[in-house]
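The lines below spell out each chain.
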Protein chains: 2
Amino acid sequence: MKRYAELAPSQRTIMTPGPVEVDPRVLRALSYPILGQFDPEFTSYMNDTMEMLRSLFRTTNQWAFPVDGTSRSGIEAVLTSLIEPGDKVLIPIYGRFGHLLYEIAERVGAEVAYIEKEWGTVFDPEEVISAIHKEKPALVLMVHGETSTGRMQPLAEIGKACRELGILFVVDAVATIGGVPVLTDEWCMDAVIGGTQKCLSVPSGMAPITYNAIAAAKINARKTIERGLRTAADIDAYNASVRPPVIRSNYFDLAQLQDYWSPARLNHHTEMTSMLYALREGLRLVLEEGLEERFARHRLNESALVAGLEAMGLSLYGDPNCKLPVVTCITIPEGVDGESVRSLLLNMFGIEIASSFGSLKGKIWRIGTMGYSCRQQNVLQVLGALEAVLIRHGARVHTGAGLQAALDVYDQT
Amino acid sequence: MKRYAELAPSQRTIMTPGPVEVDPRVLRALSYPILGQFDPEFTSYMNDTMEMLRSLFRTTNQWAFPVDGTSRSGIEAVLTSLIEPGDKVLIPIYGRFGHLLYEIAERVGAEVAYIEKEWGTVFDPEEVISAIHKEKPALVLMVHGETSTGRMQPLAEIGKACRELGILFVVDAVATIGGVPVLTDEWCMDAVIGGTQKCLSVPSGMAPITYNAIAAAKINARKTIERGLRTAADIDAYNASVRPPVIRSNYFDLAQLQDYWSPARLNHHTEMTSMLYALREGLRLVLEEGLEERFARHRLNESALVAGLEAMGLSLYGDPNCKLPVVTCITIPEGVDGESVRSLLLNMFGIEIASSFGSLKGKIWRIGTMGYSCRQQNVLQVLGALEAVLIRHGARVHTGAGLQAALDVYDQT
């Protein structure tokens, strides 16, 4: 029998758009002993988590809980529960994750209309609103922060337009939640999906979502009770009713998940104990820091990073007017092998930065300043290391200038 | 702003059929720092995990990896990827989790035929085989160990019959994997789903699966590349092909997950870093103990528990010829409030045992002897505490006899 070495991961400085470093207090929470899923101590942690998610999402929605899976599990749970096969959806796309919304919506049976914007920019809200008037969809699906291109879409006007027209507005805020304001109620978003492994700095594994009473009504109309848990009365009531098509997934059936996350505690899956510990602790740390203070920290470190990169002589990618504050994209200088730079950063300095997808593959690097990774020492480390590695690759840089510019930003605060 | 207390879960003795206690070495692994998902150190842990899963499932299958979600996510991933809408499936049901297979199969579009056996028993393999001949399904779906009733279904003959008839045989081994033999190749199982939070003693959050080349061929026929990752050549090839219906889920699309778990490392979700650490460490501990040694440990502790319960004067529920070795069901004595007993066990002794579902709710208790919870001190603790709590509830028990009988079993080894 082959013997496997004990797990011993290296310490990394992770400056990608996720997964990012995790606060040691969250890592410690992961190591606590297991509680049963219906143990009153555990269900009180579940309730705490719901409360804290409402604060995070800036909402008074009843429903705010994690789906047990990675971020895209939250997207799929919302889309498969909200979209009835044949429902028309409009998806304005400005990067890879807009395409993912298209992919998922199509698979769950939506009739998809889309508009697409050149990567590196976002939509003028009026463009989206006029497409809404033209297409008359039942739902509009949009990405708030597109990590593939480092852009952020203004949402408030689009949300208002949807609400006036009675159209559901569903937003992927995986990259932004916990790093920049996501105002669920104020922006009239009917359902929002967050991510854990980015600005919340909790390991990948849960997808916090929230949705309002309008969305819940649509979901509840499709509600069934799981086979094996149904009583005779449930079956009679079901057979007597006229309903829209059943939700095509059991795992992602939000009507059933609601019953598990409510005082009814109707058995569904076995809640992920350790991940729930981590999420609760991560949310506690976010609220302890304060949302506004946290957003300010993200802006400060972004400013220092951008100042440093520009002083070094590097060019940023994309329209600066819609830059996503927590991801900075750099055009790879002519003649420099982007992957070789990333390898040297990882292997010699233990620092990870990201490449991108599709048409941007090999064209840009992406540096995240998210959550626990978003701190002064990390920004300074990445600037210093990047300069050294670029020199090593024969690139022309203004030696010494990057770190001085970043230090200047920190000195001014 | 409300302040939330630091996480501080109590220490419990968890004797349910899952989630169960977790080895401190696995809890420690959960607390290690994050690696990026494409960091070579991390992908080597992914590869180790696949290798170890093949040993666990006793298979030479190429595909053995975890789905990122709780156990039922693995079931849904296998069913939604393998079952094309309209495919006929046969589900022999002998407890709640057979109904769950029905629920999921129906939602993913299967035409479901089923046979049902009284709870507390299992099928004679011949009964299933004759139903197969009658129904002529494309797939047969079955539960190996039914935790709701504490029964275990013999599978080898059914698997052989399916293989001869060219029918896919899919097995839910969530409750048995790591606790009793699950012989994927020998029993001709085309796809098997395991669970983490039971006999593997890893927290809930991943669903290890394996499937063979026959199943992979069916899945690969439905393969697409995710929107946003497709090249022009991919799109041309796709448009030129005639294919069965696309898999209705992106999250559970095993054809895409395969590409993520293969050297291609085609981006899909962001792998759950900490849960993967836990699974790798948990599998390492299972293989270090040895599968046969581990199964023997489960049998020994079951024997001691059963001897103790019977000596105390309690009656076991269900047909003893098909008892699931890792779950012991007890008929709640006349006049005793089962939930009150469970509460006192939890609140006074910190011990958790389970109730059951549906028609068995309030009729039986279920005690798990699974994974790290399956050890002598836990068995002795639960017997001692149960006696005290039963006396407290006015039940007649043979005082002192339970622990002596259990100690006798341990003395004989």
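Small disclaimer: the values here were computed from a predicted structure and weren't measured.

### What to know about the overall build of chain A
Here comes step 1: In terms of regular secondary structure, chain A is built from 14 helices and 13 strands.
Here comes step 2: Taking 2.2 N^0.38 as the reference for a compact globule, 413 residues should give roughly 22 Å; the C-alpha atoms of chain A span a radius of gyration of 22 Å, in line with that estimate.
Here comes step 3: If you take every contact in chain A between residues at least 6 apart in sequence, the share linking residues at least 24 apart comes to 72%.
Here comes step 4: Surface summary for chain A: the accessible area is close to 14,100 Å², and the carbon and sulfur share equals 52%.
Here comes step 5: Seen as two clouds, the 39 positive and the 48 negative side-chain charges of chain A have centres 4 Å apart.

### Remarks on the sheet that holds strand β9 (residues 191-193) of chain A
Residue and element names in this part refer to chain A.
Here comes step 1: Across the sheet, which stays open at both edges, the seven strands sit in the order β2-β10-β9-β8-β5-β3-β4 with mixed pairing between neighbours. In this open sheet, the two strands that pair with only one neighbour each are β2 (63-67) and β4 (111-116). Going from strand to strand, the sheet's axes swing by 20° on average, the running direction of each strand aside.
Here comes step 2: Two strands pair when backbone bridges link them, and β2 and strand β10 (residues 207-211) are joined in this way by five bridges, in the antiparallel orientation. When the sheet's bridge partners are listed, A64 is paired in β10 with T210.

### Some details on the pairing of strand β5 (residues 139-143) of chain A
All names here are of chain A.
Here comes step 1: Taking burial as the measure, the five residues of β5 include five buried ones, the bulk of the element.
Here comes step 2: Side chains L139, L141 and V143 of β5 all project onto a buried face; the interleaved residues V140 and M142 project onto the opposite face, where all are buried too.
Here comes step 3: One ladder, built from two bridges, connects strand β3 (residues 88-93) with β5; its direction is parallel. Considered in β5, the bridge of V89 is made with L139.
Here comes step 4: Inspection of the sheet shows β5 paired to strand β8 (residues 168-172) by five bridges, in the parallel sense. Residue pairing across strands places V143 opposite D172, the latter belonging to β8.

### Overview of the domain arrangement of chain A
Residue and element names in this part refer to chain A.
Here comes step 1: Segmenting chain A into domains produces domain 1 (23-286) and domain 2 (291-411).
Here comes step 2: When each unit is reduced to the centre of its C-alpha atoms, the spacing between domain 1 and domain 2 is 31 Å.
Here comes step 3: Across the contact, 30 residues belong to domain 1 and 26 residues belong to domain 2.
Here comes step 4: Summed over both partners, the interface of domain 1 with domain 2 buries about 2,200 Å², with 62% contributed by carbon and sulfur atoms.
Here comes step 5: For the pair domain 1 and domain 2, the interface holds one salt bridge.
Here comes step 6: Of the charged contacts in the structure, one is a salt bridge between E292 and R58, with a shortest N-O distance of 2.9 Å.

### A short note on unusual backbone geometry
Here comes step 1: Geometrically, the link from G18 of chain A to P19 of chain A is a cis peptide bond, its omega value of 0° lying close to zero.
Here comes step 2: Checked against the element boundaries, P19 of chain A lands in the loop between β1 (13-14) and α1 (24-30).
Here comes step 3: Phi angles above zero are rare outside glycine, and K136 of chain B is one such case at about 50°.
Here comes step 4: Inspection of the secondary structure assignment puts K136 of chain B in the loop between α5 (125-135) and β5 (139-143).
Here comes step 5: Its identity is not glycine, yet R265 of chain B carries a phi of approximately 50°, on the positive side.
Here comes step 6: Tracing the backbone through its elements, the reader meets R265 of chain B in the loop between α9 (254-260) and α10 (273-289).

### Comments concerning the relation of the copies chain B and chain A
Here comes step 1: Rotating chain B by 180° about the axis while translating it 0.0 Å along that axis superimposes it on chain A, leaving an RMSD of 0.0 Å. The transformation relating the two chain copies, once decomposed into turn and shift, fits a two-fold axis. Using C-alpha coordinates, one finds that chain B approaches the rotation axis most closely at G69 of chain B, a distance of 2.4 Å.
Here comes step 2: Comparing contact sets, 100% of the residues at the interface of chain B also lie at the interface in chain A, consistent with an isologous, same-surface contact.

### Examining the interface of chain B and chain A
Here comes step 1: Chain B puts 86 residues into the contact, and the matching count from chain A is 86 residues.
Here comes step 2: Counting each side, the surface lost to burial between chain B and chain A is near 7,700 Å², with a carbon and sulfur contribution of 54%.
Here comes step 3: Where chain B touches chain A, the interface holds 18 salt bridges.
Here comes step 4: Between R12 of chain A and D39 of chain B there is a salt bridge, and its shortest N-O distance comes to 2.7 Å.
Here comes step 5: Remark: the boundary between chain B and chain A carries 50 residue pairs in polar contact (both at pLDDT 80 or more).
Here comes step 6: Here the side of chain B that touches chain A is composed, by residue class, of 35 nonpolar, 24 polar and 27 charged.

### Thoughts on the UniProt feature "modified residue: N6-(pyridoxal phosphate)lysine" (unreviewed entry) in chain A
Residue and element names in this part refer to chain A.
Here comes step 1: Under the UniProt annotation, the feature "modified residue: N6-(pyridoxal phosphate)lysine" (unreviewed entry) is placed at K198.
Here comes step 2: Tracing the backbone through its elements, the reader meets K198 in the loop between β9 and β10.
Here comes step 3: The exposure class assigned to K198 is buried, which follows from its relative accessible area of 8%.
Here comes step 4: A distance of 2.6 Å separates a polar atom in the side chain of K198 from the backbone oxygen of P17.

Reading the values: rules and limits
Residues numbered from 1 in each chain as written. Chains lettered and ligands numbered in written order. Predicted model: local features only at pLDDT ≥ 70, side-chain atom pairs only at ≥ 80, totals over all residues. Heavy atoms only, no water. Helix = DSSP H or I, 4+ residues; strand = E, 2+ residues; numbered from the N terminus. Rg over C-alpha atoms; globule rule 2.2 N^0.38 Å. Contact = heavy atoms within 4.5 Å. Areas by Shrake-Rupley, 256 points an atom, 1.4 Å probe, with all protein chains shown as cover. Lys, Arg positive; Asp, Glu negative; His and termini not counted. Charge placed at Lys NZ, Arg CZ, Asp CG, Glu CD. Pairing = 2+ DSSP bridges. Axes fitted to C-alpha atoms, helices over the stretch in contact; angles between N-to-C directions. Buried < 20%, exposed > 50% of the residue type's maximum accessible area, 1.4 Å probe, protein only. Domains from an automatic or database assignment. Buried area = accessible area lost by both parts, 1.4 Å probe. Salt bridge = Lys/Arg side-chain N within 4 Å of Asp/Glu carboxyl O. Least-squares fit on C-alpha atoms with pLDDT ≥ 70 in both. Polar contact = N/O pair within 3.5 Å; in protein donor to acceptor, adjacent residues only side chain to side chain. Nonpolar A, V, L, I, M, F, W, Y, C, P; charged D, E, K, R; others polar. UniProt positions renumbered as here; feature names shortened; annotations may be inferred.

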